Structure formats: structure tokens, C-alpha cells
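Geometric and topological summary
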Amino acid sequence: MATTSAGYARARARAGFRKTIRGVVGIMVALAVWQVLASIGFVRPEWFPTATTVLGDAVALLGQSAFTLQVLSTLYDMLLGLIISTVVAVPLGVLLGRFPLAYRMSSVLVEAMRPIPALALTPVAILLFGLSGATTVSLVVWTSTWPILINSVYGMHSVDPVALDTARSFGLGRWTALYRVALPSAAPFIATGIRIAIGIALAVAVATEMVTGAGSGVGGWIVQASSGGSLIPVYAAAVLVGLVGYLLNYLFERIERRLFRWHLSYRKEGA
Amino acid sequence: MNAAASKPQVLSVQDLVYAYRTADGEIEAISDLSFAVHEGEFVSIVGPSGSGKTTLMKIVAGLLQATKGSVRILGKPLTGRVPDGVALVFQDYSRSLFPWMTVQRNVEFPLSHRRASRADVAQRSRESLSAVGLVDFATRYPWELSGGMQQRVAIARALAFRPRLLLMDEPFASVDAQTRADLEDLVADVHQQFGTTILFVTHDIDESVYLSDRVLVLSAHPARLLLDREVPLSRPRDQVATRELHDFVRLRAEIAGLILRPGTEKTASSPQDTSPGGR
Amino acid sequence: MAQVRTPRRTTAKEFGQGIARWVLESVALIVVLVALWQVLTSVFHPLYFPTPVAIWGQIARAWFTPLGFTADILPSFERVTLGWLLAAVIGVPLGVAVGRSRSFAEYVTPLVHYARAVPPPVILPIFMIFFGVGNAMKVVFIAVGVLWPILLNVIKGVESVETVQLDTATVYGIGGSRRLLHVVLPAAMPDILAGLRISLALAFVLMVISEMIAASGGIGYQILQSQAQFDILNMWAGIVVLAVGGVVFNAVLTTIEGRVLRWHRGQRREAL
Ligand SMILES: Nc1ncnc2c1ncn2[C@@H]1O[C@H](COP(=O)(O)OP(=O)(O)O)[C@@H](O)[C@H]1O
Ligand SMILES: [Mg+2]
């Protein structure tokens, strides 16, 4: 054939490069528009600072441990919450996915609990855990558990029964088959659940910190910084925290894509 | 010699060249192809996988634009627009049907924006659904049907459109043998009953001989015409008896020789013989 | 003859039995849990956990009153609804426009990904300066916060429309608004609705945070105030009202989704 696989790989790499360039151009254009709008000055500069001011301030913030330590604290709480909910929700989801009666019994309960907004439970968490990181962690756990649980169940439901039967016919025990066959083929769905959870966990963590108002985490920092009257630090923090969230998401997607290349329909997902 | 040759040309392809433009330069898929299809004719194109058959169909349907050469439909050159009166049945039936529409909606969808009355549209869809034996399934969704039935829906949709030229791109490549035989006879019936002009692409030599009035054989990539031959078999044909006829067996062997052992093409049946320019 | 996989029609009797079993199996678990809660709390009297009966009494007394409705319940759900709808009305057409053009999408998508990654609570102070602490601020805040996940899902949905389906439309001369309305939108609908559902959950979070930080009314405000004043019963009443609201909103959306995407679920079931 005329086109070699190396040729296709090269073409793909070139398309990827073009995509990156275009993405950077898009962001540059947005920054330029921001800069121009802010320079016209129809809004007070401390309310709507120029892009260069904000970026400069963001760079300065990076050097301040008072800020970076709070970011790390928020990230720590968020990741801890994510890990806890993964450890809880995946085995639970696998079990619910394997045992239809358990699934049927719990599905209405899950559907009823899932939409309860995490933030509504803030006061309860404060009562139980005080104004501490544990409050943040517990609310991240609440938020993250549902998408991971539901996608785990969904992943188990889409395990090919033939694959399981094949495994059993090779003499694998019930639990070994579950662990060796069912879990790997449900893994892409579980990963989707975790990705969805990441998307909302950071927002919940920051929001909790703002409500508990203990001056800890990014949320606490924002509350204090915005009390001064100038919004410039808020903009700068938003830029940096957004970058952290973006990288987190990007990293996870990369890992996901690498691990589950074999999975045909990883774009089809339930949430 | 050719009874159909006196009829007007529905499709004429002249000196067609097509090259895909990719990031790595050009990939020639079709190199210098000429042929014609006349009204009421059933013409098969047979060629190995990857020879450029789908590319040719997409050009004729107006989905791709020729790099060089001309394509005329009913005498009118293709000019970047999708030609009127051409329907295409894709190989990939499960994807070409719209899963959010019922079978009937799928069939009527291409009609409803033409200035046809509701009654006329309903009449036409009913007629073509009954031609493929699916009237009872009009209110079903495509995914409720088996693969062979889905392909029949795609055929019914094309028929209801009443195309002047029906293009079929390996329509039966992914159905089982029995369904395939049924569908072949269905298409042959439709051709007889409606007098539709059909250009039928396949990589199956038997199928091309069994179905058509004329067979065009394409070379491996990039596509050139190796043979343009009348099929000397009477209609109606029979899945068993026709395939045992001497003429069938001989033509099949000749085509197989061309495709499987390239470089043995005979001058006696050179493409110029029936090329549109030669008339 | 080709065989057809016919979903067997259920009889009325079977339907009745199905409902009975569903009630027995799933609602039973909830009833048992609530009863358990009632028993445990009335035996042990834990400080922070009132009995369900007491909570219900509080809801009836303090929340399901004309004042409770107009001052707290309605404003909260109005903010969620308006903010979310505003984002949907902007996000869906915008996402379709972006998704239709490959190169446009390549310019814009990283920007949208970035905007989505900024946790909305971080920029809440900005909205408070520009829009005050009234209703408009909350609606706009919610709308801006949930716009991005909606946009991303719509773009993804429109980009993943099958080429064969678009080619089919082209061959049959279907272009313009008919193509958009009958081919592109339905094909992208599973992703669009998934985006709307994910963002509804986010909208609730944003509604509560905006009410807790800057409001003088609304469920979020009441819950936090009650906790601060150690009115544990009223706090729980608020949480239950909010939870029920979340369940109802979600149920409505899920029902609509089930209707619109009947074909999608059926198709997926066949594919598995
Ligand atoms: N979009 C494309 N870009 C580049 N090359 C293509 C593309 N589509 C097809 N080709 C190449 O063109 C040749 C003919 O393809 P096709 O027309 O699909 O063959 P056939 O239908 O006969 O199997 C093949 O070698 C294929 O690799
Ligand atoms: Mg092909």
C-alpha cells in the first residue's frame, strides 16, 4: 500500500502539532481581547485589571508560600477525598454490578442520595469535623462517590458475559474471574467516573473552604484576599488554580488514554 | 452488440484521476479510469480491497471531487454540487441509517423536503418498503432489526428516492451467506421491476457476474480498468442453476485470473472497446 | 428469512407485578433505613441528629409556609433553574457552532477546557463586585459556572457525529437547517444531555455556595444560619428540602432524557 504506517504516524503527529498551535493561538487571542477591553478603562482597573497585570501578579503569587501552601493544602484535601471515595465506591460498584438484587434494592436509594448537593451538607460536616480539612475531605468524598459508583456499576454491566464464561471455563474461580476479567474490562468506565469526579471535586473543595472561612486552603485565601477591595489577587488566583485544575485533568486523561487504548468506546460514558 | 448501448448514458466517466491529499503528499487512488453506464443497465465493478472502489462511488455521488477528468450524470458534468437523482447505499448500513428515526421515517426523510405531498411521500415509502418486504416493520427502529433487514431499509430508502442512478458500495459485504443470497435476488428483482440503473460495487467475483449485465474489473490500487465485459446470461437468474452454467463459470475464471494473477490482461477485451469515447 | 429481535410486549398483569416487585425491593430499603434512623435517634438522642419525624414537623411548620416558600424555597430553585437554563440557551447553540467547524473547534477547545478548570467559587468575589449580592448575581454566577461543561459536551457530541450519517444526508440533498435539526442535533443529543445533567449537579453546588457566602435568603443561607445559631432541627429541615429539590430536578431531567434518548439506549443495548 502506498501509505506506510510510519506515514500515518507522521501525519497524526503533524495534525497533533497543528492542534496545539491552534489552541495556543486561541488562548493568545483571548488574552489580547481581555487586554484591550481592560485597557479601554470603562471599569475601574482594580475591578477589571488588564491581562498583563493579572499574569504578572500570578507569577508573583507563585513565589509566595502563603499562597502556594494553601493551594497544596486544597489539593491534598481534594486528592485524599478522591482516593477515599475511589476505595469505597469501586468495590461497592463492582458488587452492585455483579449482584442484580443488590443493585435493584439500592438503585432508588442511590438515585435519591446522588443529587443532594455536597454543599448542603457543609453544616453537618462542620458539626462533625469542626472547621478543619476533614470537613473539606468529607464533602469531596460525598461528591466524588456518586459518579465513581455509578460508572463502576455501569462498567460491570457492560462486561461481556462471554468473556466471563470463557474465564470460568478455564477453571478460574468466581472471585478470580471477577478480579482478572470483569474488573479490567470495567476499568475504563471506572476511570470515566473518576474523571467526572475530578471535574467537580476541586470546586467543592474550594467552596467548602470559603464557607468554613477558617482562612485555610485556596477558598480561605480567596475570602481574605477579596476583602481588601482590589480584585487583582482574585483574578491571579483564578488563573493559577485554573492551571492546576487543567493540568490535573490533562494528566488524568493522558493516563486514561494510555491505559485503555484497547477500549473501543471510551468516549461513550454514563454520568 | 450491447442492447443497452443504444440507450442514453446515465453516467459517463472520462479519464478520471483521483488523489487523496494527506499531510504526507498525495495518494493516488484512481488512475485514469473511463467507462459509461446506460439507462436501465446493471453494471458491477469488481476489484480487490483497497483498489479505489469506494473512492469512485464517492466521486460519482458528489462526496469527493475528481482531481482530473470528467464525470457526467445524464449528460450534465458534476460541478462540486451533489448531483440530482443519485442515491448511494453504503456498505456500512448500521451507520448510514439514523437510529433516532423509525424505519418509515428513515425511508421518508430524503423525500420530505422535496415538494412532494404528504400522501405522495407516504405512498412512495410504503411502496418501497413492500418491495423489500418490510412493510410490517415500518414503525420499528433500525437497531431492532437484524443486519440483513437494516440493509433492506437502506435499499428501500434509496428506492423511495426514485434515483436515476442507484449506487451500491459493497452493500452485502457484512451479512451472512443466506441473507446475502436473498438480498442479491431482491436487488435483481428491483432492477427488473423498476428498471433502475444500478452501479454495483463488490469485491466478490461471483456476485458481480451473477447480478449484472456488464462487469468492470479494476486493478489493485491505484484503480485502472482491466476488463469491461458483457455478461452473457439471461434473466431471471437462479442462485443455483445460473452459477452452474458454462458461461458463468468461464467469465468467473477469467476475472479471477485478472485479479489474482495481475499482468495477464487480454488485449481482446481492452477497455477502449466499450469506453464512452469509443462510441 | 431474517429473524428480528422483538422486544416482547409486557402484559398489564406483568406490569403490575413489576411495579409491586420494584416497590418491595427498592422503596423497602429506603423505608427500612428511615425507620432505623427514627428508632436509633429516638433511643439515643444524638446531639446533631434529630429524628425524621421531628424534621418533618419542622419542615411543615417553618418551611412549608407562605413565607418559607417565597423567602427561601422558591428563590433558591429559581436561581438554579434560571442560571442553568441561561447556560443551556447560550451553550448549546454556541457548542454546535464550534463543533461544526473542525478548525474553529481546535482554536477554541483548549480555552474552554481551561475556563472549565477554574473552580467557579474562586471567582465568586468578582461576581459580587459586578452584580452585587442580589438575585442577578447568583443567576449569572451559576450560568457562567456551568456554561463550560455544557459547551465541552456539546462540542464533543457534534464532533462525534458519524461521517457516514453526514454523507448520507449529503447524498440525499439534505443540507442547511434540516441537516442540523434532523441529523447533527439528534446524533449529538446523548452527549448534550449528559452535559446538561452533569452541569445541573454543579448548578446546585453553585447555588448553595452563592447563598452561603452572599445572601439574605434562600435554602443555602437558611441552612448555614441555622447551624451558626445551633438550630440543628431547622438546619436538617433545610437540608432535606434541598435534597428533595435535587432529587425532583434530577428526576425531571432523567425522565426527559429517557424519552428523548429511547433510541440511544435501545441501540446501545443491542450493541453490547
Ligand atoms: N481518506 C483517505 N485518505 C487517504 N487515503 C485514502 C483515504 N481513503 C482511502 N484511501 C486510500 O485509497 C485507496 C482506495 O481506497 P478505497 O476507495 O476505500 O478502496 P476500496 O473501496 O476499493 O476498498 C486505498 O489504498 C486507501 O488506503
Ligand atoms: Mg470500499
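Below is a summary of the structure that appears in this document. Here the structure is a predicted model, which means the values were calculated and not measured. (Residues numbered from 1 in each chain as written. Chains lettered and ligands numbered in written order. Predicted model: local features only at pLDDT ≥ 70, side-chain atom pairs only at ≥ 80, totals over all residues. Heavy atoms only, no water.)

**A word on the packing of aromatic side chains**
- Taken as a whole, this structure holds 24 aromatic pairs over all chains when the rule is applied.
- Judged by centre distance (6.1 Å) and plane angle (85°), the rings of Trp56(C) and Phe64(C) are edge-to-face.
- Judged by its relative accessible area of 52%, Trp56(C) falls in the exposed class.
- Each member of the aromatic cluster is reached from another via a ring pair, and the members are Phe98(B), Trp100(B), Phe109(B) and Trp263(C).
- In this arrangement the basic side chain of Arg44(A) is found over the ring face of Trp47(A), its NZ or CZ atom lying 4.5 Å from the centre. (Phe/Tyr/Trp six-rings, centres within 6.5 Å; stacked < 30°, edge-to-face > 60°. Buried < 20%, exposed > 50% of the residue type's maximum accessible area, 1.4 Å probe, protein only. Lys NZ or Arg CZ within 6 Å of the ring centre and 35° of its normal.)

**Re the site of ligand 1**
- The immediate surroundings of ligand 1 are formed by 14 residues, with Gly50(B), Gly52(B), Lys53(B), Thr54(B) and Thr55(B) found nearest.
- Near ligand 1, the surrounding residues are drawn from chains A and B.
- Residue Ser51(B) places a main-chain N or O atom 3.2 Å away from an oxygen atom belonging to ligand 1.
- A distance of 2.7 Å separates an oxygen atom of ligand 1 from a polar atom in the side chain of Thr54(B).
- When isolated, ligand 1 has an accessible area of 570 Å², and the protein chains bury 73% of it.
- For the shell around ligand 1, the secondary structure elements donating two or more residues are β1 (9-22), β2 (25-38) and α1 (53-61) of chain B.
- Among the residues forming the shell around ligand 1, the class breakdown is five nonpolar, eight polar and one charged. (Near = heavy atom within 4 Å. Polar contact = N/O pair within 3.5 Å; in protein donor to acceptor, adjacent residues only side chain to side chain. Areas by Shrake-Rupley, 256 points an atom, 1.4 Å probe, with all protein chains shown as cover. Helix = DSSP H or I, 4+ residues; strand = E, 2+ residues; numbered from the N terminus. Nonpolar A, V, L, I, M, F, W, Y, C, P; charged D, E, K, R; others polar.)

**Quick look at the sheet that holds strand β6 (residues 86-89) of chain B**
Residues and elements named next belong to chain B.
- The six strands lie next to each other as β6-β7-β8-β3-β9-β10, forming an open sheet whose pairing is mixed. Single-partner strands in this sheet number two, and they are β6 and β10 (225-230). Direction aside, the axes of adjacent strands within the sheet are offset by 15° on average.
- For strand β7 (residues 165-169) and strand β8 (residues 197-202), the ladder comprises five bridges, and the chain directions are parallel. Paired with Leu-166 across the bridge in β8 is Ile-198.
- In this fold helix α5 (residues 147-160) packs onto β6 and β7, with an angle of close to 180° to the strand it touches most, β6. (Pairing = 2+ DSSP bridges. Axes fitted to C-alpha atoms, helices over the stretch in contact; angles between N-to-C directions. Contact = heavy atoms within 4.5 Å.)

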